[in-house]
Every structure is written in structure tokens, then in C-alpha cells.
Amino acid sequence: MNNQKPIYVTQPYLPPLEELMPYLEKIWERKILTNGGPFHQEFEQALCDYLGVEYISLFSNGTLALVTALQALRITGEVITTPYSFVATAHSLLWNGIKPVFVDVDPVTLNIDPQKIESAITPQTTAIMPVHVYGHPCDVEDIQRIADNYNLRVIYDAAHAFGVKDQQGSILRYGDLSVLSFHATKVFNTFEGGAIISPDAKTKRHIDHLKNFGFVDETTVVAAGINSKMSELNAAVGLLQLKYIDYAINRRRKIDAVYHEALSKIKGIRCIGLSNETVSNYSYFPILIDKDYPLSRDELFNQLREKNIYARRYFYPLISDFPMYRGLRSASIGNLPVARMAAEQVLCLPIYPDLSFKEQQIIIENILK
Ligand code: T4K
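The present account deals with the structure reproduced in this document. (Residues numbered from 1 in each chain as written. Predicted model: local features only at pLDDT ≥ 70, side-chain atom pairs only at ≥ 80, totals over all residues. Heavy atoms only, no water.)

### Looking at the pattern of salt bridges
Convention followed: The rule for a salt bridge is simple: a side-chain nitrogen of Lys or Arg has to be within 4 Å of a carboxyl oxygen of Asp or Glu. A run of DSSP states H or I qualifies as a helix once it reaches four residues; a run of E qualifies as a strand once it reaches two. Both are numbered from the N-terminal end. Relative accessibility thresholds used throughout: buried, under 20% of the residue-type maximum; exposed, over 50%; partly exposed, between the two (1.4 Å probe, protein chains only).
Per the counting criterion, the structure on display carries 16 salt bridges. Lys116 is the partner of Asp104 in a salt bridge, and the nearest nitrogen-oxygen pair spans 3.9 Å. Placement of the pair is Asp104 in the loop between β4 (99-102) and β5 (125-129) and Lys116 in the loop between β4 and β5, with a sequence separation of twelve residues. Looking at Lys116, the relative accessible area reads 34%, which means it is partly exposed. We note a salt bridge from Asp321 to Arg340, for which the minimum N-O separation is 3.0 Å. Of this pair, Asp321 sits in the loop between β15 (309-310) and α9 (337-345) while Arg340 is found in helix α9, placing the two residues 19 residues apart along the sequence. Taking relative accessible area as the criterion, Asp321 reaches 29% and is therefore assigned partly exposed. Salt bridges sharing partners connect three or more residues here, namely Glu44, Lys204, Asp208 and Lys211.

This is the structure we're talking about:
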């Protein structure tokens, strides 16, 4: 038994409630609730400025943004992707009638291993859908080289990569499209929300049509679109959250540093390091537990739960082990040894702006003892 209040893997950052009120008053006054209203427009522009990209389309969530990104590029056949992600990555393929082809991950970054992509390409392959797992950039150059050689499109699931930069700027500018999630559990949240980053105005326009039933104007429908628009309420929350995002990421940076300092030299624990980013978002704090640690990953997971600490096994089980995927040839055990090992060893520790130093010390003590 213990009396400590539960500590979850994450907790959404929320700005002071009174600061939301003026936005709500505006919405009530204008009575524009959705369909590309003024807050929606303003939020798109503010996000472009913050992220350092030119064209953003807002969505009601990241999953519908992924589904729509595949529609926008008319992707069919087979798409090469990673099994080491949240299920939404592969589900977006199934929702488009596309066959996912799983490729193993790199042992250091746990992102898709470019060296293993080529041998998975078939005449049916049309695209690659990598994920910047935990916000650490994929090997974007190698992936693009392969895509160019085989005439494939690249759609990045960048759900974890809000604000991440490399030496040239935003990580979101790589590939044909990148998709963000603004879910409650993400570094930047609008309660629910998501976005697609496009390389040009024409692609953005097409995506904007697709998320609004395909409507161009009152009487013109150009595509079998869906409804995946972001509401004015979510856009207002987003505008307000942008004011606090640097504070929120800075808090995460400090928590990340404390974990690194305490855990990186412990036998049997490996902290996942940075990739080639110059600006990180510290969205997760994954550790890998191997046989040199006195407990197995699951024993540690359960021991922490007994202390009311709810670390999470992101990403276990592998996507390829879920019933709708496990029959695929690429899901076979021998094809994904690195991803499988990571899924067996990973534990994501609590990290969020309001996690106190004291709470973090309790978590660390329970791992060290
Ligand atoms: N691609 C990738 C790579 C993704 O990671 C995701 C989402 C997507 C695509 C799809 O984007 P969205 O369609 O979601 O925009 C969570 C999230 O639901 C999911 O958004 C996220 N990835 C995934 C990695 O994690 P769960 O099953 O862990 O959520 P849940 O409800 O167990 O939340 C975890 C903890 O967070 C809770 O124990 C407490 C805390 N929490 C959660 C919520 C929802 C709060 O304190 N407040 C809240 O409102 O999936």
C-alpha cells in the first residue's frame, strides 16, 4: 500500500483557464464554430511561424490526417512502414485498402532501418511511411535516396516530432508530407487535433478540400473527401497553447536531463539518445531494460505500478503482432528481430511539464533500488 497520488506516463499541459475565456467569448460572439473559421486561420499561420514551415492543414486528429495524407497522394498497393509505433500508423494504411509491409528498425534510434527498406520493395510498393519515434528524426536522407531511386512517395508520421529541428530547420519539411498529432498526450495539445505539412500551396489546397468532403465551393465537389476539420474551439486552445510551448518544452528538457544523469550509467538500462536533431522536444523518456538489470522490464513495470507510477510500454506489442497484421509475411518473427527486442525491453517513464522534482525523485528511487 502507498498513499502517493498516481503518476502517469504523461499529463497534458493546460494554460491558465482564465486565459481561454476571451477566446470562448469571441467564439460565442461570432457564432463561427467550425469550417475554417477565424481562429482556425490564425492558428494555421501561427503554427507555420512557430514550426518554420510554409503550408499546414489542421485536422481533428492525427489519425485522420494520416488517412487523408495517403488519399491526397493517391497511395495504393503496398507501403513500407515500421512495426515499432502506435497502431494508428498502420491502421491508416488499412483504412485506405493498402497493404503494410513491415521493415525492422535501427537498434540505436528505433526508427525504420533504411538499410532494410530496399529488400522489402516490390512492384506494388508505392510509398514509405516512416515514423520519427519519440520525436527523434529518421535517417531522412537515406530514406529519400531510396524513394528517389524507386520512385516512391514518403509520408512521415511525425506525431511525436512537434518542433523538432535538424541543422537545416524543421524536421517536418522532409518527404512528400508530414503528419502531426495534437492529442492530449502529446508535447503540444489541442485536446484532440492534428495537421499535415505540405510542400506547396497546391498540395495544401487539395488536402484542405479532402478534409472538407471535397468541397471547393457551395456547388463544387472535386473529390470523395471526408470530414476531418479542426473546430474553432480546438484552434483557440492551440493558439493559447502556443504561448506556453517553449516553457513546456523547457520543463521537459530539465526532466529529461535529470533522468539521464540518474539512469544512463546504471547497468542494464539504456537511455535512447538523440538522433541528429539540433532542437529536441523531449516528448518521451524511453529506457531499454536488458538482462544486466536485476528485474525484467515487466517486473519493473509492475513494481512501479505497485507504487502508483504508471510507466508505459510504448511500443509493446509491436503493431505487427496485432490480429489484423500478424498474418502478413512481413510480420513474421524472423523479419523484425530488433523491433521485437525493443518492444520486449522498452519502458517509457513519466515526463510532462508539471512533473515535480520530488515526484521524479520517487520514480528514480524506485528504479535504482
Ligand atoms: N502516430 C503515432 C506515432 C502516434 O503516437 C499517434 C498517437 C498517432 C499516430 C495518432 O494520433 P491521434 O489520432 O491520437 O492524434 C496514447 C494516445 O491516445 C495516442 O494519441 C498516442 N499516439 C499514443 C502513443 O498514446 P494511450 O492508449 O497510451 O492513451 P491513454 O489514454 O492511456 O493515456 C496515457 C496517459 O496519459 C494516461 O494514463 C493518463 C494521461 N492522460 C491521457 C489523456 C487522454 C491524461 O492525463 N489526460 C488525458 O486526457 O494512447
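### Section: the pairing of β4
Selection criterion: Two strands are counted as paired when DSSP detects at least two bridges linking them. Here the term right-handed applies to a crossover when the path leading from its first strand over the helix to its second strand runs clockwise, the strands being oriented away from the viewer.
In this sheet, β4 lies alongside strand β3 (residues 78-81) in parallel orientation, the contact comprising four bridges. Bridge pairing links Ile80 to Val101 in β4. As a crossover connection, the stretch from β3 through helix α4 (residues 88-94) into β4 is right-handed.

### Some details on the packing of aromatic side chains
The following threshold applies: Aromatic rings from Phe, Tyr and Trp, with only the six-membered ring used for Trp, were paired whenever their centres fell within 6.5 Å, and each pair was classed as stacked if the ring planes differed by under 30 degrees, edge-to-face if by over 60, and tilted otherwise. Remark: a charge is flagged as sitting over a ring if the NZ atom of Lys or the CZ atom of Arg is within 6 Å of the ring centre and within 35 degrees of the ring normal.
The tally for this structure, following the rule as stated, stands at 19 aromatic pairs. The structure contains a cluster of three or more aromatic residues connected by ring pairs, namely Phe43, Tyr50, Phe162, Phe182 and Phe188. Sitting above the plane of the Tyr316 ring, Arg297 keeps its charged end 4.9 Å from the centroid. One residue, Arg313, lies across the ring of Phe301, its end atom 3.8 Å from the ring centre.

### A short note on the state of the cysteines
Rule in force here: Note that a disulfide, as used here, is simply two cysteine sulfur atoms within 2.5 Å.
All chains considered together, the criterion is met by zero disulfides. Of all cysteine sulfurs in the structure, the one in Cys348 sits closest to Cys271, which takes part in no disulfide; the separation is 12 Å. Residue Cys271 is classed as buried on the basis of its relative accessible area of 11%.

### Quick look at empty space enclosed by the protein
Rules: Buriedness for pockets is judged along seven lines, at least five of which must meet protein on both sides within 12 Å for an open set on the 1 Å grid over protein atoms alone, while cavities are sets there where a 1.4 Å probe fits but cannot get out, and lining residues have an atom within 4 Å of a point. Grid points are joined across faces, edges and corners, and a volume is the space filled by probe spheres set on the points.
Throughout the structure, instances matching the rule amount to one cavity of 30 Å³ or more. In this structure, the largest cavity encloses a volume near 50 Å³.

### Description of the sheet that holds strand β6 (residues 153-157)
Which entries qualify depends on this criterion: All axes are obtained by fitting lines to C-alpha atoms, using only the stretch in contact for helices, and the reported angles, taken between N-to-C directions, cover 0 to 180 degrees. It only takes one pair of heavy atoms within 4.5 Å for two residues to be counted as in contact.
Taken in spatial order, the seven strands of this open sheet run β2-β10-β9-β6-β5-β3-β4, and their pairing is mixed. Edge positions in the sheet fall to β2 (55-59) and β4, since each of these pairs with one other strand and no more. Taken over all neighbouring pairs, the strand axes of this sheet differ in orientation by 25 degrees on average, direction set aside. In terms of strand pairing, β2 meets strand β10 (residues 194-198) through five bridges, oriented antiparallel. Bridge pairing links Tyr55 to Ser198 in β10. Packing against the sheet, helix α6 (residues 201-210) makes contact with β2, β9 (177-181) and β10, and its axis sits at approximately 10 degrees to β2.

### Digging into the site of the ligand
Inclusion rule: What makes a residue near a molecule or strand is one non-hydrogen atom of that residue sitting within 4 Å of it. Within 3.5 Å is the distance limit for a polar contact, defined as a pair of N or O atoms, with the added protein rule that one can donate a hydrogen and the other accept it, and that residues adjacent in sequence qualify only through two side-chain atoms. Shrake-Rupley sampling with a 1.4 Å probe provides the accessible areas, and residues are treated as covered by the protein chains on show and by no other component. The way we define it, a molecule is inside a pocket or cavity when more than half of its atoms are within 2 Å of that pocket's grid points. Here the term charged refers only to Asp, Glu, Lys and Arg, the term nonpolar to Ala, Val, Leu, Ile, Met, Phe, Trp, Tyr, Cys and Pro, and the term polar to all other amino acids, Gly among them.
Taken together, 26 residues sit near the ligand, with Thr63, Asp157, Ser181, Lys186 and Tyr314 positioned nearest. Side-chain polar atom of Asp157 to a nitrogen atom of the ligand: 2.7 Å apart, as the coordinates give it. Lys186 places a side-chain nitrogen or oxygen 2.7 Å from a nitrogen atom of the ligand. Here the ligand loses 75% of its free accessible area of 910 Å² to cover by the protein chains. Among the detected pockets, the ligand sits in the largest pocket. At the level of secondary structure, the elements contributing two or more residues to the shell around the ligand comprise α3 (62-72) and α4. Residue classes in the shell around the ligand are distributed as eleven nonpolar, twelve polar and three charged.

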